[in-house]
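Working through the structure, step by step
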Protein chains: 2
Amino acid sequence: MSILAIAGGVGGAKLAAGLAAVLPAGELTIAVNTGDDFEHMGLTICPDIDSVTYALAGMNNREKGWGVAGETWAFMDMAGKLGGETWFALGDRDLATHVLRTQALRGGQSLSAVVARMTAALGIGQRLVPMSDDPVRTIVSTDEGDLAFQDYFVRRQCAPVFRAIRFDGAERAQMAAGFAAALGDPGLEAIVFCPSNPILSIAPILSVPGVRDALMRRRVPAVALSPFIAGQAIKGPAAKIMGELGLGTTPGAVADQYAGLIDGLMVDRADAGALDGVLVCATDTLMRDPADQARLAREVLGFARKLAD
Amino acid sequence: MSILAIAGGVGGAKLAAGLAAVLPAGELTIAVNTGDDFEHMGLTICPDIDSVTYALAGMNNREKGWGVAGETWAFMDMAGKLGGETWFALGDRDLATHVLRTQALRGGQSLSAVVARMTAALGIGQRLVPMSDDPVRTIVSTDEGDLAFQDYFVRRQCAPVFRAIRFDGAERAQMAAGFAAALGDPGLEAIVFCPSNPILSIAPILSVPGVRDALMRRRVPAVALSPFIAGQAIKGPAAKIMGELGLGTTPGAVADQYAGLIDGLMVDRADAGALDGVLVCATDTLMRDPADQARLAREVLGFARKLAD
């Protein structure tokens, strides 16, 4: 039996860590967004893959929600002195991931292979796979023009008004082999959309040719976790963006983002209420600590299994 | 008026810092060995340029003799956890130099341009120039075969017996424009060979086409500082290598390395004594601190000026 989790950044990493805690290692595959990836200081940086990796390794910084716990910033300090860019924070430990990954990618290795080797080195037994080994780059169209994702997200702190999003390179990208294998696994039991930003984190994954079709044709239950509680995002700009697009942040608005892709939506108790087309399950969705993550993971798996009956 | 210093690693960095302390900024050019440069973890590392840069910026680690003072090692620790190589120590601050330099070189900038920008960013007013913008790579032939320089120097700690040295790429390398300009400067007053390893640090500079000829045709005094005191190297494998080559470590052996290139040799008081062909000046050559560096710089400049009379 196996579970496929589809994840973006912080919320995805938290639920992925919960699922990893409650499932046997061999039974979980986590497919991760790479639309946020970018080149910075000559390094290939994969923020969502790294967030999930550090969370599964138990070395994530829980206060910041990204990066490595106990991180230090000597590199950034010196880079600033040397006239380098400092708008994107690169911690000293985190930097090892970027340097070694960049070296491996330049040497011709696939991102999947790099992720597999690094997660193994950190003792992670779950399969963590990028959505694609080909570059897909999220571009946000705003009232100030088109912005590369990290320009919008980090440099501009999501201040410009969100108008539209596109995923450059997606039409030529191939689904990563490990992602395709998980989708086609005869032992697949359920698909879980983590409580990630549906537009910034999950839509890029759905933009990879074949992913949406495979999810539409699923023979197992698929459930999503809403990233909102009472209309507010737990972290990040999801509420701001959904508002700027006129979509709102209700359970119905989240379900619309996953139309045809899910059978159930898990929402916070604050958002309990029936929807057309999907079964709604209300629980406490805030994940403050690993215990919350594991509890929510158990509940979402229980919900999916109930849908299979 | 201008002074041209020719420098390798630690000893070169010390005297260069002394010269920088006693000369007006615009009057000193330091040409630095790049034969030690190598690619590691996908980064271009220039150990001698960095030693001189950090020394001139007053941020060098005086205890180790290389790297940045107050350095931290979080990157190395994480790189080791990720399965990366750890035999070459890359400090967190030092790494900013390597990452930004590699990015600039990959973007098509010359090493000279990168060095000029970084030294300016660190407030260094002296001209620091690589011997060449083209790659020259020192290869050491040993009783265990040919070794890339850092394999010999760092990974093997100079343990294999030194047989010969060559400088791959030197025959196709061009002298860096700033080095050529310093050699051809009508205001050039003297040339100083820093107390660097003649074979590992100075010979690669002399291997660049045109350098030896220009030095032979000099119209100003050239003086060298012996890196030995009473037959012992102050730091590094110079004595071991000179011994393994059957050259010895006397002032005469040093002078032979610079045959035709120098008019005077400055040695430690422990090595006082006349030589054929070059004037010898004996003083205290050990540089324990910046005061020693400045004193020795004043003395070597005074020695060179005396030779011009």
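As a reminder, the structure under discussion sits directly above these lines.
Scope of this entry: the structure provided in the associated data block. (Residues numbered from 1 in each chain as written. Chains lettered and ligands numbered in written order. Predicted model: local features only at pLDDT ≥ 70, side-chain atom pairs only at ≥ 80, totals over all residues. Heavy atoms only, no water.)

On to empty space enclosed by the protein, then. Residues and elements named next belong to chain B. Per the counting criterion, the structure on display carries 6 cavities of 30 Å³ or more. In this structure, the largest cavity occupies an estimated 80 Å³ of space. Of all elements in the fold, only helix 1 (10-22) and helix 2 (47-56) reach the threshold of two or more residues within the lining of the largest cavity. Among the elements that line the lining of the largest cavity, the one with the most residues is helix 1, at 3 residues. (1 Å grid on protein atoms, 1.4 Å probe; cavity = no way out; pocket = protein on both sides within 12 Å on 5 of 7 lines; lining within 4 Å. Points joined across faces, edges and corners; volume = space filled by probe spheres on them. Helix = DSSP H or I, 4+ residues; strand = E, 2+ residues; numbered from the N terminus.)

Residues and elements named next belong to chain A. Contact pair helix 1 (residues 10-22) / helix 2 (residues 47-56): the axes reach a minimum separation of 9 Å and the direction vectors enclose 35 degrees. Two packed elements cross with a definite hand, and for helix 1 against helix 2 that hand is right-handed. On helix 2, the residues touching A13, A16, A17 and A20 of helix 1 are S51, V52, A55 and L56. (Axes fitted to C-alpha atoms, helices over the stretch in contact; angles between N-to-C directions. Left-handed = near helix turned anticlockwise from the far one by under 90°. Contact = heavy atoms within 4.5 Å.)

Quick look at the relation of the copies chain A and chain B now. Of the transformation placing chain A onto chain B, the axial shift is 0.0 Å and the rotation is 180 degrees, giving an RMSD of 0.0 Å. Within this description, the copies of the chain are treated as partners about a two-fold rotation axis. Judged by C-alpha distance, D92 of chain A is the residue of chain A that lies nearest the rotation axis, at 3.0 Å. Mapped onto chain B, 100% of the interface residues of chain A again fall at the interface, so both copies present the same surface. (Least-squares fit on C-alpha atoms with pLDDT ≥ 70 in both.)

Residues and elements named next belong to chain B. One pass over the structure, following the stated rule, counts 32 salt bridges over all chains. With a shortest N-O distance of 2.6 Å, R156 and E144 are connected by a salt bridge. Highlighted residues: R156 in the loop between helix 6 (149-155) and strand 8 (162-168) and E144 in the loop between strand 6 (137-142) and strand 7 (145-148), separated in sequence by 12 residues. The closest approach of N and O atoms between R305 and E189, which form a salt bridge, is 2.6 Å. Of the two residues, R305 is situated in helix 12 (residues 290-308) and E189 in strand 9 (residues 188-193); the sequence distance between them amounts to 116 residues. (Salt bridge = Lys/Arg side-chain N within 4 Å of Asp/Glu carboxyl O.)

Bring the parts together and some accessible area is lost; that lost area is often taken as the interface size. Across the contact, 27 residues belong to chain A and 27 residues belong to chain B. The contact between chain A and chain B buries some 2300 Å² in all, and 76% of this surface belongs to carbon and sulfur atoms. When residues of chain A are sorted by the area they lose upon contact with chain B, M78, L82 and L100 of chain A head the list and together hold 26% of the total. Applying the counting rule to chain A against chain B returns 0 salt bridges. Our enumeration of links across chain A and chain B arrives at 0 residue pairs in polar contact (both at pLDDT 80 or more). Where the side of chain A that touches chain B is concerned, the elements lending two or more residues are helix 3 (74-81), helix 4 (92-106) and helix 5 (111-121) of chain A. The element contributing the most residues to the side of chain A that touches chain B is helix 4 of chain A, with 9 residues. Among the residues forming the side of chain A that touches chain B, the class breakdown is 16 nonpolar, 6 polar and 5 charged. (Buried area = accessible area lost by both parts, 1.4 Å probe. Polar contact = N/O pair within 3.5 Å; in protein donor to acceptor, adjacent residues only side chain to side chain. Nonpolar A, V, L, I, M, F, W, Y, C, P; charged D, E, K, R; others polar.)

Here we take up the nonpolar core. In terms of nonpolar packing, the biggest core is built from 118 residues, with F75 of chain A together with F75 of chain B touching the most fellow members. The contact partners of F75 of chain A, leaving out residues within four places of it in the chain, are M41, L90, D92 and L95 of chain A together with D92, L95, A96 and V99 of chain B. Formed by 48 residues, the second largest nonpolar core is a distinct cluster that contains V129, L215, M242 and Y258 of chain B. (Core = buried A, V, L, I, M, F, W, Y, C linked by side-chain atoms within 4.5 Å. Buried < 20%, exposed > 50% of the residue type's maximum accessible area, 1.4 Å probe, protein only.)

Attention shifts here to the packing of aromatic side chains. Inspection of the entire model under this criterion finds 14 aromatic pairs over all chains. With 4.8 Å between their ring centres and 35 degrees between their planes, F193 of chain A and Y258 of chain A make a pair best called tilted. Residue F193 of chain A is located in strand 9 (residues 188-193), and its partner Y258 of chain A is located in the loop between helix 11 (251-257) and strand 13 (264-268); the two are separated by 65 residues in the primary sequence. For Y258 of chain A, a relative accessible area of 1% gives the class buried. Ring geometry for Y152 of chain B versus F162 of chain B: centroids 6.0 Å apart, planes at 70 degrees, classification edge-to-face. Here Y152 of chain B is found in helix 6, whereas its partner F162 of chain B is found in strand 8, with 10 residues between them in sequence. Judged by its relative accessible area of 1%, F162 of chain B is buried. Cluster of aromatic residues (ring-pair linked, three or more members): F38, W87 and F88 of chain A. For R155 of chain A, the ring lying beneath its charged end belongs to W87 of chain A, and the centroid distance is 4.3 Å. (Phe/Tyr/Trp six-rings, centres within 6.5 Å; stacked < 30°, edge-to-face > 60°. Lys NZ or Arg CZ within 6 Å of the ring centre and 35° of its normal.)

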